[in-house]
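Take a look at the letters that make up each chain.
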Amino acid sequence: MVGSVPVGGGAPVSVQSMTTTKTADVEGTLQQIYALAAAGVDIVRCTCNDEAAAEGLARIVPRSPVPIVADIHFQYKLALAAMEAGVHALRLNPGNIRKPEHIKLVASEARDRGLPIRIGVNAGSLDPDIAEQFGGATPEALVASAQRELAYFGEVGFEDCKISVKSSTVPVMIDAYRLLSETVDFPLHLGVTEAGPPPAGLVKSTAGIGTLLAEGIGDTIRYSLTADPVEEARAGRTLLEALGLRERRGLDLIACPSCGRAEVDVIAVANEVMSALESRNIPLQVAVMGCVVNGPGEAREADLGIASGRGKGHLFVKGHVVRVVPEAEMVGALIETAERVMAEGIDAVIASAEAGAAEEAAATRVELLRTQGEDANHSEERIARIRELAD
Ligand code: SF4
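Keep in mind that what you see is a predicted model, and the values were worked out from it rather than measured.

(A) Up close: the site of the ligand. Around the ligand, the structure places 13 residues, and the nearest of them are Cys256, Cys259, Ala262, Gly290 and Cys291. Residues belonging to the shell around the ligand are distributed by class as follows: seven nonpolar, four polar and two charged.

(B) Just the sheet that holds strand β1 (residues 14-18), in detail. Here we have eight strands laid out as an open sheet, ordered β6-β5-β4-β3-β2-β1-β8-β7, and parallel in their pairing. At either end of the open sheet lies a strand with only one pairing partner, and these are β6 (161-166) and β7 (189-190). Looking at chain direction, β1 and strand β8 (residues 220-222) are connected through three bridges and run parallel. Pairing of Val15 across the sheet is with Ile221, part of β8.

(C) A look at the packing of helix α6 (residues 139-155) against helix α7 (residues 170-183). For the pair α6 and α7, interaxial distance at closest approach is 8 Å and the crossing angle is 45 degrees. Here α7 runs oblique to α6, going by the angle between their axes. Classified by chirality, the crossing of α7 by α6 is right-handed. Counted together, Pro139, Glu140, Leu142, Val143 and Ala146 of α6 and Val172, Asp175, Ala176, Leu179, Leu180 and Thr183 of α7 form the full contact between these two elements. Its residues placed into classes, the contact of α6 with α7 shows eight nonpolar, one polar and two charged.

(D) Just the packing of helix α2 (residues 51-60) against helix α3 (residues 76-85), in detail. Relative orientation of the contacting elements α2 and α3 amounts to 20 degrees, with a least axis distance of 8 Å. The orientation of α2 with respect to α3, classified from their angle, is roughly parallel. Both α2 and α3 take part in a crossing whose hand is right-handed. From α2, Glu51, Ala54, Leu57 and Ala58 reach across to α3, where they touch Leu78, Ala81, Ala82 and Ala85. Looking at the contact of α2 with α3 residue by residue, the class counts come to seven nonpolar, no polar and one charged.

So, how was this worked out
Residues numbered from 1 in each chain as written. Predicted model: local features only at pLDDT ≥ 70, side-chain atom pairs only at ≥ 80, totals over all residues. Near = placed C-beta within 6 Å. Nonpolar A, V, L, I, M, F, W, Y, C, P; charged D, E, K, R; others polar. Pairing = 2+ DSSP bridges. Helix = DSSP H or I, 4+ residues; strand = E, 2+ residues; numbered from the N terminus. Axes fitted to C-alpha atoms, helices over the stretch in contact; angles between N-to-C directions. Parallel < 35°, antiparallel > 145°, perpendicular 65-115°, else oblique. Left-handed = near helix turned anticlockwise from the far one by under 90°. Contact = placed C-beta atoms within 7 Å.

Purely geometric stuff here, so don't read any function into it on its own.
Below, the structure written as structure tokens:
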């Protein structure tokens with residue numbers, strides 16, 4: 001348990017992030033913690049890098065909506081201070097708190113207080129002797145560092161641990177966690193360290209964390225982005241929902257990529273729908289599709305959606321067209337329908353479909369197919385023009 005959040009042993013995978021404020025700034029840090037909690041984090045880590053930060057933690061912990069982990073580097077005394085401040089867990093970096101007597105003292109105190117510790121191995125700050133022994137921050141070296149820390153903990157009878165072996169190189173991170181999961185039986189915290197700013201940071205993190213989660217490895221996750229930590233929280237939550245590891249809390253907007261058949265600017269409509277529905281916390285899958293030819297069918301798994309055609313918006317619920325409105329009104333109508341689905345349920349909305357809506361959509365579809373044919377991308381015309389140029 002990290003505070004009230006269960007970790008490992010079949011518990012739901014939890015999302016973590018880390019505050020970027022000075023921990024001594026109590027109000028600023030709490031404001032960020034609340035924003036992170038609203039975005040979907042389960043656990044927040046704050047640095048405890050000096051005495052003022054430890055004192056800040058003593059004020060932050062009782063007012064935080066989620067459990068707080070103190071991040072400790074170099075100074076074991078700050079781990080003791082953080083425990084005194086009432087944090088729910090510690091993160092120790094074995095690469096920079098290296099004296100066995102210090103590690104054992106912290107572990108003994110955590111044991112007596114019933115507090116968990118994450119052994120947070122990081123490729124960038126690996127114990128120098130282990131790096132030398134393995135010829136660098138290899139997966140084996142990262143795991144060896146965690147095992148050495150575990151052995152110190154074992155000497156004082158402490159085993160309430162979670163482990164991470166992060167690297168900024170995705171294949172190294174993946175191999176390290178795979179090896180670790182075969183070697184130890186502790187909950188694992190996943191992350192690609194220093195992943196960088198989005199979009200590359202998001203892609204790297206998703207590649208590493210997502211691969212491992214899909215293999216059943218990992219109990220808590222963190223996206224380490226060079227961005228507002230709220231972005232980390234959203235990304236972590238979205239990944240877990242996408243993998244079916246956590247229930248959907250809010251909107252899941254799907255949209256077609258658009259193509260030559262599109263009857264509307266799909267990107268603009270998707271953005272409009274996103275900003276209209278995002279803040280409403282509606283846990284529905286909503287589809288924005290560029291044409292009525294393929295839209296309702298391709299998005300039939302979505303709870304509801306819109307598809308354009310001939311200046312009209314075709315609203316569909318689970319693939320059934322329930323309403324046809326002028327294109328200018330379709331985003332508003334979609335929002336109304338989403339609210340009706342929430343209030344009355346999907347079946348009731350399908351049952352009260354407007355008379356003639358499905359027939360009108362079918363007729364528009366036939367008309368579009370007739371006029372666009374199979375060559376909606378106008379490939380043949382383009383090829384003819386290319387050939388003219390070549391002549
Ligand atoms: S065929 Fe229609 S629904 Fe599919 S990508 Fe093209 S515009 Fe979107």
